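Okay, here's what each chain looks like letter by letter:
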Amino acid sequence: MDLLAINQKSKDEGENQGPSLTSENREERIKARRNRVKQRIQQKKNEGSGGGSSAANLYKDEGSLAKDQIEQSRHRLVKLEEDGLEFVTNVRVGQDLIEHQHRLEEEEATRKRKDRLEQDSKSSKEKFEEIIRNWEGARTKDISRELHEVLMAQKHACGTMLEEKNKLIGELEKDLKNKDDHYVKMLHKFDENVKLLVERMNEQVKSRRMYYARELHAIEEAFVKERQELLDKYNREWTSKLEERRSKEESFVSARFERHESFERDLQRLRIKHAEEFNATKVRLENQVQEQQRKIEEMKAIYQLSQEKYEYNYKVLKKRDEENLLTISVQKNRKIRLNDLLTNLKKKLAEKEKSSKNQNVQAAEEYKRTLANTQEIKRKARHFLSADMEKFHELWIMNEERCREMTQKLLDADRIIFEQQLGLPWSPTDLEFMNNVGPIDATKIPKPSIDVVREILTDQQDENSANNLISNTTMKAILELLCDEGDFLVEPKLLALLDPLETNEKSLIKLDAIFRALKVENEEDIKVMAKFFVDHIQQNKDKQSKTYVSSGVGPEQHETDEVTQTGAHQITDADGNCVELIHPNHVLKALKAFLTDYRAQQKATSQVPYQVAALDERDDSLDIEYWSKYPDVIDDQRERLWDALTSGLQKYYSTLTARVKLIDDNNALARQNDELRLLLSKYMQSKVNQELQIPPSQIIQLQLAEQTTGNNPDNF
Amino acid sequence: MSEVASTPVPPTENTVAEPSTVGEPQQEKTENTTNPVDEAAQNEVQYSMVNPELKPVRRIIADDLEWSLRIVPALTDLALNSLVKSFDTEPKYNELLDKHRDQLLKSLSTNVPLKVTAPIVHDENYWEKCCKEKWPICDIKEYDNSWKRFYFEKNIQEIIENFIPAKTDMKQLFEYVDLGAQYVKRLDIKQLLPPVEIQDRILQNDEEYFDDDEDNESPTDPDAELKKPLSDHFDFTQLIKRLPNLEELHVVYGVKSCGMNFEWSMFEFTKKDCQILAKSVQQCKSLRVLHLHRSKVDDLKIRMLVRDGLLDHPTLEELNFEHNSIGDRGCRAIAKLLNGHSKLIRLNLCNNLIGPQGAQAIAYGITKSPTLDYLNLRLNRIGDAGGQAICLALLMNQTLHELNLSSNNLSEPTGNKLAEILHQNKTLIKVDISANRLGGDSGRQLQENLQDNTTLLYFDLRMTECGQESEYIINQKLKANREQDRLNRISDRKNHGPMGRTYSHLF
């Protein structure tokens, strides 16, 4: 890294030294660019070939002495090392080679020796066999000389064989000795070689040490030299730069002096000019100042005035402001309070609403409940009412019967008294009222319409009902009118059926149908309807003459007039009342009016929920009269008579009773007498009297005799 | 307060004993009461050792104006002093403050029994002191810069190297081993002594065993039976059981610097030894490196070793059988290791008796091995047949970086083959075929084929007679490759960040 840093540095320096890109000279710029391109190529190469070489190359290129020296030294030393190694190992290799050759020779020699030994053994074997064979031959030899010859030959052969063997042994021994010698020689050689090796090593060490020192020295020197060069170079640069600077400073100083002088001149000139201007402006400005001061004084006065005014105003405003603040605060408080109130009220309202809702619900429930209750109560009341009615009826009947019985009894008694006691003829009193059964009802049940109609049509109407404002005849006329005009209300089938009937009968049935359609049920309704028919007439009458306005029950003297005036529709009733009926064409209208009116009325009556036909409403006016009739059967006269009779009879009775008493006493004394007689006889006749010295019977007889002689004995 | 109270207890006043002192010092004092002057002097000397400011003669005199508190030893010093004295019997270390520990260790003697120090003392300075006292030259770079490890490993090595079977007591060794088992990662045993009886016997009848160096199995040998049980070396099984962190084991079954007492039997690697070694290697599950050189390992034994110990070993990475007598059969056994039965990364079979068949077996193993990185077959006899086989195997292999075939009786066919392969193989970095008679044609071919190769960095062609020109050109090419490699490495290092920055690339 240090090396790289150095490279960088030196490179930078090189760039500084070299032609610059920003130079003004064109050629120089071209040069600079070329340099740059070269450097880049160089760099790339260096990167490709590895960092170490790049360093070396860079140094080489830039002519770095030290790096060159290092590279050279390295090469030299590597060579030295390799050479030295080779030099030393040469000994080993040489020895190896010698050993190798020696081995080869040895192999060869052993092979030869083996061959020879084999050969030798073979030949000696042959010879030995021959000798053995010869021994066989020698056995056949009988002649001693021949044998001797053979023996000698054998001995010779053996001798030669031995000799050969000995020779071989000798040779081998010689070989061995040679080998020994060789071994010793080899040892010597090894020793020499080792010595040589050591020597060479030492030499190597020495020389290496020397060379290393030398190279180190050289490198150091190179570094020193390089350093020196660099120093020189920088020094030169330094001095040149210094020189340049000095000259520049000198020129700068001189220029500065010149400028200084010119500026001073200008300054002087300007100073004078400015002084004059200054004086002029000063005078002018002083005048202006005076003027302004005067104005200021004036203004001050005005200000003073206005200030006071404003102050006053300000105070007033402040006061007001304070007041306002106060009021605002008050208002605020109030607002807050009101707000609180509002919220409270709202809350309350909500609560109330809630509670009222609840109440509403409760009330609704309550209402429902009460409705149910009332229904129930009504039902009960109805029930009770009916029960009461029944009870009342029964009670009534019972009372009536009792009264009747009692009356009957009374009458019987009266008759008996009259007939037996007094001996007078008895006339029975009126007993009509006793025929009545059940309570007397004063109310009248309205008659059904059809009956009314029948009555009217057949002229059976009793005169009691004539107190109506419409007379029977008028009614009849009206009904006939209705019968004629109200055909549409009758079913056509019925009309067909009615055809053969009598007119009266026909109209009756027709009217019945019509009334059923109109829901006219009773007499009252009919009357109301009739009114409608008549009313029209009365209205017409109003137009004609005021005299007949009041009613149809007007004075009788005008009746004839009325009949004449109204023409065909004028009907004179039985009483002479004259009523004018409507024109048949108006019948429909009248009916309509009646219906609307009648319906409304009915509705109104039906809206009244329930009307109890209570006992309270019963008309009991006739009751008193009715019941008083029963005690009145026997009047005061008779009563008085009865009283006198009673007193007489009582007297009679008392005498009778006294008589009875006396009779009874008499009877009782008689009976007592009998009994006593009986007893006396009994005593007299009993045996005891005989046994005793003094029999009681005797005594008694004595006593009796005494008694009969003396006084009357006591009653015991 | 206690300090003030203890100040008027000078060592000169013999009657007052230190409260913390125990046993022996007190007894000494009581014995020395007869000679108080000597005792005082002794004490003074002792205290002066602890506190150099302490004056030898020191008495409290009421009017002594020169007396000052400075000459009075601090209570901590006194306490530490007594602790040092009683460290053998009552070690107190972990309870102390750091500064007191340093002070204590400074004054602690190296003669304190290991039993006491090994478990509690971890301070490197103390162990450095111990090491330097024992061995004048110490290089702890190979020992993870740990003095303690160095101390223990060295100690155990020494004990084993001087171990005489059936004579030396195993107890002493195991004491050591138990104390430092967790620190021992490597055992570099440079010699193993034979049993002492055999030594005596050898001394008595040297002639009998003169040329009886290898065939101790032959039934004709009358003393074979007698010799066999006696010639066994150190038994590793017990030792290895006690070393849980052992990673490297270097063994030489031989005697170092025997001088004129040379006997063949001193360099015996018996069958029993082999069995024991195989068994212990099998047991040691953390072992990474096994070196067994100059031990006369022959085919039979290597087969036994591979079969019983190395086959399918979980961690073994490096095997070194330099300077043995392994032949083709043994080589086949080793090749079996390469066939996926181990994770071997480095294999060194330098200076053995491997022939073409063995080399072919190894070549087959190379094609199958996914891990092998380094192969050394220097000084063997594989010949052209073996060389070609190995060259062909390199076509398949993508992991081997270093190959050494020097002095192998190779010639032109192998050279040509190698040239063809170098054209295609992109993994080899270092090849050594020096001291083989390749000839000029091969040289030219190699030169041509190496022009496109950028991965090969070292190629030893000395003594191959392949022509000066070719050799020169090849060297130039290799130099360029090396230069490129250097640049690549520098850029790699730079890419890895400023932490690994060095200036070695400048040289």
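Conventions and cut-offs
- Residues numbered from 1 in each chain as written.
- Chains lettered and ligands numbered in written order.
- Predicted model: local features only at pLDDT ≥ 70, side-chain atom pairs only at ≥ 80, totals over all residues.
- Heavy atoms only, no water.
- Helix = DSSP H or I, 4+ residues; strand = E, 2+ residues; numbered from the N terminus.
- Buried < 20%, exposed > 50% of the residue type's maximum accessible area, 1.4 Å probe, protein only.
- Contact = heavy atoms within 4.5 Å.
- Areas by Shrake-Rupley, 256 points an atom, 1.4 Å probe, with all protein chains shown as cover.
- Axes fitted to C-alpha atoms, helices over the stretch in contact; angles between N-to-C directions.
- Parallel < 35°, antiparallel > 145°, perpendicular 65-115°, else oblique.
- Left-handed = near helix turned anticlockwise from the far one by under 90°.
- Phe/Tyr/Trp six-rings, centres within 6.5 Å; stacked < 30°, edge-to-face > 60°.
- Lys NZ or Arg CZ within 6 Å of the ring centre and 35° of its normal.
- Nonpolar A, V, L, I, M, F, W, Y, C, P; charged D, E, K, R; others polar.
- Salt bridge = Lys/Arg side-chain N within 4 Å of Asp/Glu carboxyl O.
- Pairing = 2+ DSSP bridges.
- Core = buried A, V, L, I, M, F, W, Y, C linked by side-chain atoms within 4.5 Å.
- Polar contact = N/O pair within 3.5 Å; in protein donor to acceptor, adjacent residues only side chain to side chain.
- Expected span 1.5 Å × (residues − 1).
- UniProt positions renumbered as here; feature names shortened; annotations may be inferred.
- Patch = residues over 30% accessible without salt bridge, like charges linked within 9 Å, V, L, I, M, F, W, Y side chains within 5 Å.
- Lys, Arg positive; Asp, Glu negative; His and termini not counted.
- Charge placed at Lys NZ, Arg CZ, Asp CG, Glu CD.
- Right-handed = clockwise from strand over helix to strand, strands pointing away.
- pLDDT = per-residue confidence, 0-100.

Where do I start with the overall build of chain B in this structure?
In terms of helices and strands, chain B carries 20 helices and nine strands. Across the 507 residues of chain B, 50% fall into the buried class. Long-range contacts, defined as pairs at least 24 residues apart, comprise 75% of the intrachain contacts of chain B with a sequence gap of at least 6. By element, 52% of the accessible surface of chain B is carried by carbon and sulfur atoms, the whole surface being about 25,600 Å².

What exactly am I supposed to notice about the overall build of chain A here?
In terms of regular secondary structure, chain A is built from 16 helices and two strands. For chain A, the residues scored as buried account for 20% of the 716 residues in total. Relative to all contacts within chain A whose residues are 6 or more apart in sequence, the contacts with residues 24 or more apart total 69%. Looking at chain A as shown, the accessible area adds up to about 54,700 Å², and 55% of this sits on carbon and sulfur atoms.

Help me out: how do you make sense of the packing of helix H4 (residues 65-140) of chain A against helix H20 (residues 468-495) of chain B in this one?
How two helices pack is summed up by the angle between their axes together with the distance between the axes. At a minimum axis separation of 13 Å, H4 of chain A and H20 of chain B run at an interaxial angle of 125 degrees. The orientation of H4 of chain A with respect to H20 of chain B, classified from their angle, is oblique. Once H4 of chain A is placed against H20 of chain B, the crossing between them reads as right-handed. On H20 of chain B, the residues that touch Glu71, Arg74, His75, Lys79 and Glu82 of chain A of H4 of chain A are Lys479, Arg482, Glu483 and Arg486 of chain B.

What is the right way to read the packing of aromatic side chains from this model?
Centre-to-centre distance and the angle between the planes together describe a pair of aromatic rings. All names here are of chain B. This model, assessed by the stated rule, comprises 15 aromatic pairs over all chains. Centroid distance Tyr126 to Trp127: 5.3 Å. Interplanar angle 75 degrees. Geometry classified as edge-to-face. By the burial criterion, Tyr126 is buried, and Trp127 matches it. Their ring planes at 75 degrees and their centres at 5.2 Å tell us that Phe262 and Trp264 sit as a pair that is edge-to-face. You can call Phe262 partly exposed: its relative accessible area is 39%. Classification of Trp264 by relative accessible area gives partly exposed; the value is 34%. Positioned above the aromatic ring of Tyr93 is the side chain of Arg101, whose terminal nitrogen or guanidinium carbon lies 5.1 Å from the ring centre.

What exactly am I supposed to notice about the packing of helix H16 (residues 356-368) of chain B against helix H17 (residues 383-396) of chain B here?
Residues and elements named next belong to chain B. Relative orientation of the contacting elements H16 and H17 amounts to 0 degrees, with a least axis distance of 8 Å. As far as their axial angle goes, H17 and H16 are roughly parallel. Contacts from Pro356, Ala359, Gln360, Ala363, Ile366 and Thr367 of H16 reach H17 at Ala385, Gly386, Ala389, Ile390, Ala393 and Met396. Looking at side-chain class alone, the contact of H16 with H17 contains nine nonpolar, three polar and no charged residues.

Please clarify how the pattern of salt bridges should be interpreted in this entry.
Tallied over the entire structure, the rule returns 49 salt bridges over all chains. A salt bridge links Arg378 of chain B to Asp96 of chain A, with the shortest nitrogen-to-oxygen separation between them at 2.7 Å. With one member in each of two chains, Arg378 of chain B in the loop between strand S6 (374-376) and H17 and Asp96 of chain A in helix H4 form a pair that bridges those chains. Comparing Arg378 of chain B with Asp96 of chain A shows no difference in burial state: the two are buried. Put simply, Arg116 of chain A and Glu171 of chain A hold a salt bridge, and the shortest N to O gap is 1.1 Å.

Is there a simple way to think about the sheet that holds strand S2 (residues 248-251) of chain B in this case?
In sheet architecture, strand pairing relies on hydrogen bonds along the backbone and comes in two forms, parallel and antiparallel. All names here are of chain B. Pairing is parallel across the open sheet formed by nine strands, whose spatial order is S1-S2-S3-S4-S5-S6-S7-S8-S9. A single partner strand is all that each edge strand has here, and the edge strands are strand S1 (186-189) and strand S9 (458-460). Sheet twist, expressed as the mean angle between neighbouring strand axes with direction ignored, is 5 degrees. Direction of pairing for S1 relative to S2: parallel, over a ladder of four bridges.

Help me understand the nonpolar core, please; the structure alone is not making it clear to me.
Side chains of a nonpolar character, in soluble globular proteins, are inclined to be buried together. Residue and element names in this part refer to chain B. In terms of nonpolar packing, the biggest core is built from 110 residues, with Leu187, Phe236, Leu249, Phe321, Leu347, Leu349 and Phe459 touching the most fellow members. In terms of residue count, the dominant contributor to this core is helix H8 (residues 147-161) (seven residues). Those residues within four positions of Leu187 in sequence are excluded, and the remaining contacts are Glu153, Ile156, Gln157, Ile160, Leu239, Leu243, Leu246, Glu248, Leu249 and His250.

Please clarify how the environment of Thr399 of chain B should be interpreted in this entry.
Residue and element names in this part refer to chain B. Among the secondary structure elements, Thr399 is positioned in the loop between H17 and strand S7 (402-404). Note: C-alpha distance between Thr399 and Ile345 (54 residues apart in sequence) is 9.3 Å. Residues in contact with Thr399, not counting those within four places in the same chain, are Ser369, Pro370, Thr371, Leu372 and Asp373. A polar contact is formed between the side chain of Thr399 and the backbone oxygen of Leu372, at a distance of 2.8 Å.

Can you help me understand helix H18 (residues 412-424) of chain B in this one?
An α-helical segment advances 3.6 residues per turn. Residues three or four places apart therefore align on the same side. Taking 1.5 Å of rise per residue, 13 residues should cover 18 Å, and H18 of chain B covers 19 Å from first to last C-alpha, within 8% of that figure. If you check which residues of H18 of chain B are buried, you get Thr414, Gly415, Asn416, Leu418, Ala419, Ile421 and Leu422 of chain B.

Is there a simple way to think about the UniProt feature "coiled-coil region" (unreviewed entry) in chain A in this case?
Residue and element names in this part refer to chain A. In the UniProt entry, the feature "coiled-coil region" (unreviewed entry) is given for residues 275-309 and 335-367. Each end of residues 275-309 is marked by a C-alpha atom, and these two atoms are 48 Å apart; helix forms 100% of the span and strand 0%. Within residues 335-367, the helical portion is 100% and the strand portion 0%, while the C-alpha atoms at the span's ends are 44 Å from each other.

Would you mind going over the side chain of Asn155 of chain B with me for this structure?
Residue and element names in this part refer to chain B. Position of Asn155 among the secondary structure elements: in helix H8. Classification of Asn155 by relative accessible area gives buried; the value is 3%. Filtering out sequence-adjacent residues up to four positions away, Asn155 remains in contact with Leu114, Lys134, Trp135 and Tyr176.

Whenever I open this one, a negative patch on the surface confuses me. Can you help?
Taken together, the side chains of Asp632, Asp635, Asp636, Glu639 and Asp643 of chain A present a region of like negative charge at the surface. Relative to the helices and strands, Glu639 of chain A is located in helix H14 (residues 636-685).

Please explain the environment of Lys129 of chain B as it appears in this structure.
Residue and element names in this part refer to chain B. Mapping Lys129 onto the fold places it in helix H7 (residues 124-134). Distance in space between the C-alpha atoms of Lys129 and Lys106 is 9.2 Å, their sequence separation being 23 residues. A polar contact of 3.2 Å, which involves the side chain of Lys129, links it to the backbone oxygen of Lys106. In terms of polar contacts, Lys129 uses its side chain to reach the backbone carbonyl oxygen of Leu108, at 2.9 Å.

Even after reading the chapter, I still don't get the pairing of strand S3 (residues 289-292) of chain B, so can you show me in this structure?
Looking down a regular strand, the side chains alternate between one sheet face and the other. Residue and element names in this part refer to chain B. Every second residue of S3 is oriented toward a common face, with Val289 and His291 on one face and Leu290 and Leu292 on the other, all of them buried. For the crossover from S2 across helix H13 (residues 271-283) to S3, the handedness is right-handed. The sheet contact formed by S3 and strand S4 (residues 318-320) spans three bridges and is parallel. Residue Leu290 lies in a different strand from S4, and its bridge partner there is Leu319. Traced from S3 through helix H14 (residues 299-310) to S4, the parallel crossover comes out right-handed.

Looking at this structure, how should I read a positive patch on the surface?
Residues and elements named next belong to chain B. A grouping of Arg303, Arg329, Arg332 and Lys336 is seen on the molecular surface, where their side chains present a positively charged patch. With three residues, the top contributor of residues to the positive patch is helix H15 (residues 328-338). Tracing the backbone shows Arg329 in helix H15. Given the relative accessible area of 41%, Arg329 is considered partly exposed.

Looking at this model, I keep getting lost on the confidence of the model for chain A. Mind explaining?
A low pLDDT score tells you not to read the predicted coordinates there in detail. Residues and elements named next belong to chain A. The predicted model of chain A averages 78 in pLDDT, with 76% of residues at 70 or higher. Under a pLDDT of 50 for its full length, residues 461-467 has, in the predicted model, eight contacts with residues more than four places off or in other chains. Taken together, the stretch residues 539-577 has pLDDT below 50 and engages in 62 contacts with residues farther than four places along the chain or on a different chain.

I'm lost on unusual backbone geometry in this one. Help?
Generally, phi is negative for residues other than glycine and the peptide bonds are trans, each holding for most cases. Residues and elements named next belong to chain B. Of note, Ser407 is a non-glycine position whose phi angle comes to about 55 degrees, a positive value. Of note, Ser407 is situated in the loop between S7 and H18. The class for Ser407 is buried, based on a relative accessible area of 0%. Phi at Asn409 takes a positive value of approximately 60 degrees, unusual for a residue other than glycine. Inspection of the secondary structure puts Asn409 in the loop between S7 and H18.

Just to check I follow, could you spell out the confidence of the model for chain B for this structure?
All names here are of chain B. Averaged over all residues, the pLDDT of chain B is 78; the fraction at 70 or higher stands at 78%. Low pLDDT, under 50, characterises residues 1-37; the stretch is placed with 31 contacts to residues that sit more than four places away or in other chains. Per-residue pLDDT stays below 50 along residues 205-230; that stretch engages in 21 contacts with residues further than four places along the chain or on separate chains. Listed scores for the predicted complex are pTM 0.51 and ipTM 0.71.

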